[in-house]
Amino acid sequence: MRYLYLVLAIAGLAGVLATRRIRPDYVLVIHGGAGAISRAAMTPEKETAYRAGLQEALDAGRTILAAGGTAEDAVEASIRLLEDNPLFNAGRGAVLTHEGTAELDASFMSGRTGMAGAVAGVKTVRHPIAAARRVMENSEHVMLTGAGAEAFSAAQGLEIVSNRFFITEDRTRQLREVQAAEKQQTTPDPRDPARHKRGTVGAVALDKHGNLAAGTSTGGMTNKRYGRVGDAPIIGAGTYADNATCAVSCTGHGEYFIRNVVAYDVAARMRYGHTSLTTAAEEIIHQKLPPLGGTGGLIAVDKEGHITMPFNTEGMYRAFVTSTGETRVAIYQD
Ligand code: ASP
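Procedures and definitions
Residues numbered from 1 in each chain as written. Predicted model: local features only at pLDDT ≥ 70, side-chain atom pairs only at ≥ 80, totals over all residues. Heavy atoms only, no water. Helix = DSSP H or I, 4+ residues; strand = E, 2+ residues; numbered from the N terminus. 1 Å grid on protein atoms, 1.4 Å probe; cavity = no way out; pocket = protein on both sides within 12 Å on 5 of 7 lines; lining within 4 Å. Points joined across faces, edges and corners; volume = space filled by probe spheres on them. Pairing = 2+ DSSP bridges. Contact = heavy atoms within 4.5 Å. Axes fitted to C-alpha atoms, helices over the stretch in contact; angles between N-to-C directions. Near = heavy atom within 4 Å. Polar contact = N/O pair within 3.5 Å; in protein donor to acceptor, adjacent residues only side chain to side chain. Areas by Shrake-Rupley, 256 points an atom, 1.4 Å probe, with all protein chains shown as cover. Sits in = over half its atoms within 2 Å of the grid points. Nonpolar A, V, L, I, M, F, W, Y, C, P; charged D, E, K, R; others polar. Parallel < 35°, antiparallel > 145°, perpendicular 65-115°, else oblique. Buried < 20%, exposed > 50% of the residue type's maximum accessible area, 1.4 Å probe, protein only. Disulfide = S-S within 2.5 Å. Salt bridge = Lys/Arg side-chain N within 4 Å of Asp/Glu carboxyl O. Phe/Tyr/Trp six-rings, centres within 6.5 Å; stacked < 30°, edge-to-face > 60°. Lys NZ or Arg CZ within 6 Å of the ring centre and 35° of its normal.

Caption draft 1: Spatial organisation of the environment of G114. Assignment of secondary structure puts G114 in the loop between β2 (104-110) and β3 (116-122). When the C-alpha positions of G114 and T308 are compared, they lie 22 Å apart, and in sequence the two are 194 residues distant.

Caption draft 2: Seen up close, empty space enclosed by the protein. Following the criterion strictly, the structure yields one cavity of 30 Å³ or more and no others. Space inside the largest cavity adds up to approximately 90 Å³. Around the largest cavity, the lining comprises 14 residues; the ones closest to its centre are G199, T200, T218, D231 and G252. Sort the elements by how many residues they give to the lining of the largest cavity and strand β8 (residues 246-252) lands first, with three residues.

Caption draft 3: Spotlight on the sheet that holds strand β7 (residues 239-241). One open sheet holds the four strands; their spatial order is β7-β8-β9-β10, and the pairing between them is antiparallel. The sheet terminates laterally at β7 and β10 (307-308), the two strands that pair on one side only. Inspection of the sheet shows β8 paired to strand β9 (residues 296-302) by seven bridges, in the antiparallel sense. Its bridge partner being in β9, G252 is matched across the sheet by G296. Where helix α8 (residues 262-273) meets the sheet, it contacts β7, β8 and β9, and its direction lies at approximately 145° from that of β8. Its contacts with the sheet place helix α9 (residues 277-292) against β8, β9 and β10, and it is angled at close to 170° to β9.

Caption draft 4: How the structure looks around the site of the ligand. Taken together, R198, G199, T200, G220, R228, G230, D231, T251, G252 and G254 form the complete shell of residues around the ligand. Contact distances for the ligand include 2.8 Å between an oxygen atom and a side-chain N or O atom of T251. G254 has a polar backbone atom sitting 3.0 Å from an oxygen atom of the ligand. Here the ligand loses 100% of its free accessible area of 270 Å² to cover by the protein chains. Taken atom by atom, the bulk of the ligand overlaps the largest cavity. In the shell around the ligand, the residues fall into no nonpolar, seven polar and three charged.

Caption draft 5: Structural context of the packing of helix α3 (residues 71-84) against helix α4 (residues 128-138). Between α3 and α4, the shortest axis-to-axis distance is 8 Å and the interhelical angle comes to 150°. Considering their axes alone, α3 and α4 lie roughly antiparallel with respect to each other. Listed contacts from α4 to E72, D73, E76, I79, R80 and E83 of α3 are P128, I129, A130, R133, R134 and M136. Residue classes in the contact of α3 with α4 are distributed as five nonpolar, no polar and seven charged.

Caption draft 6: Representation of the side chain of S153 in the model. Inspection of the secondary structure puts S153 in helix α5 (residues 146-155). By relative accessible area, S153 is classed as buried at 0%. Not counting the four nearest positions on each side in its chain, S153 is found in contact with V125, A131, L158 and I160.

Caption draft 7: Quick peek at unusual backbone geometry. In this model, Y226 sits at a positive phi of 60°, which is unusual for a non-glycine residue. Relative to the elements of secondary structure, Y226 occurs in the loop between β6 (212-218) and β7.

Caption draft 8: Quick look at the state of the cysteines. A complete count under the given rule lists zero disulfides for this structure. The thiol sulfur of C246 is not disulfide-bonded, and the nearest other cysteine sulfur, from C250, lies at 10.0 Å. By relative accessible area, which is 0% here, C246 ends up buried.

Caption draft 9: Local environment of the pattern of salt bridges. In this structure the tally under the stated criterion is 17 salt bridges. R126 is paired through a salt bridge with E159; the nearest N and O atoms lie 3.3 Å apart. In this pair, R126 is assigned in the loop between β3 and α4 and E159 in the loop between α5 and α6 (169-184), connecting sequence segments 33 residues apart. Where E283 meets R269, a salt bridge forms, and the shortest distance between an N and an O atom there is 3.1 Å. With E283 in helix α9 and R269 in helix α8, the pair connects residues that are 14 residues apart, well separated along the chain. Classification of E283 as partly exposed rests on a relative accessible area of 29%.

Caption draft 10: Geometry of the packing of aromatic side chains. Counted according to the given criterion, the structure contains five aromatic pairs. Measuring from ring centre to ring centre gives 5.9 Å for F88 and Y317, while their planes differ by 85°; the resulting arrangement is edge-to-face. In this pair, F88 is assigned in the loop between α3 and β2 and Y317 in strand β11 (residues 315-322), connecting sequence segments 229 residues apart. Residues F88 and Y317 agree in their burial class; the two are buried. Taking 5.3 Å as the distance between ring centres and 85° as the angle between the ring planes, the aromatic pair formed by F165 and F166 counts as edge-to-face. A relative accessible area of 0% places F166 in the buried class. Three or more aromatic residues link up through ring pairs in this structure, and these residues are Y50, F88 and Y317. Sitting over the face of the ring of Y332, R39 holds its NZ or CZ atom 4.1 Å from the ring centroid. Sitting over the face of the ring of Y256, R259 holds its NZ or CZ atom 4.8 Å from the ring centroid.

Encoded structure:
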């Protein structure tokens, strides 16, 4: 009988040890936008290129975190590469406005300091994410727009380019298609997400010092007019970070993400409702937004290194890596 108790005790202890999660030293999660990414329209070459782009951005951030660098540096490094990659809707290869120009938005937040920065409607700053971080670190403001944001970025020594630098053939064709479809529609449904080709890039990180950071960068919506600005540069809507809870970066139909203050809602549910990161994020993306017509997704990491990447669209370009060796690059619901 005594042996039986001993065996049961050992088995129980082994079970506890086996299920105990090891908190990772660092975590990096990135996204390249959520939307109608259909397998039918995706060629194997294109899929390989998207996956390689995500992997390259992930590697850049991971190298920084593994060496003991900050979450802020990792987020900026990953997003800069995604901005330079013409496949993603941010920086070069951003979607085009009604007038055929690129107008870029970005935001950055540090969970360590609670400080935040953003730029909206910039046309000449090569890396809008770097501009957003400079606003956070080197100005007394949170958000700068248009020509003023560009002048500030130049004064900070950031790279300034011509608007043509951002414009690719693919995005020019996409704009023509969207505008042709718009002309044919007699009663356009402004809620139809397929009407506007979108996308965004973002990153969230937990570093070895226990600090969180988040960043988001986008060209917004194809064919946007009148200086339209989405959720990506709005702190609390597209981006949020707080060491007490989590770091979040969103992608999707920006108007819905602004009205529902999505990024902050994840943190607020954790802080005030004592909800887990995954439950908080999934409830918003799968229960709160769909009845309203809000399509999109988000990536998030909490202070314990838990990761969540929910989306309610066909796909979301996404990837993560942790210090414990877990890593994944994914596009569809799998
Ligand atoms: N959220 C972005 C915007 O509304 C677009 C996207 O993420 O797809 O500007």
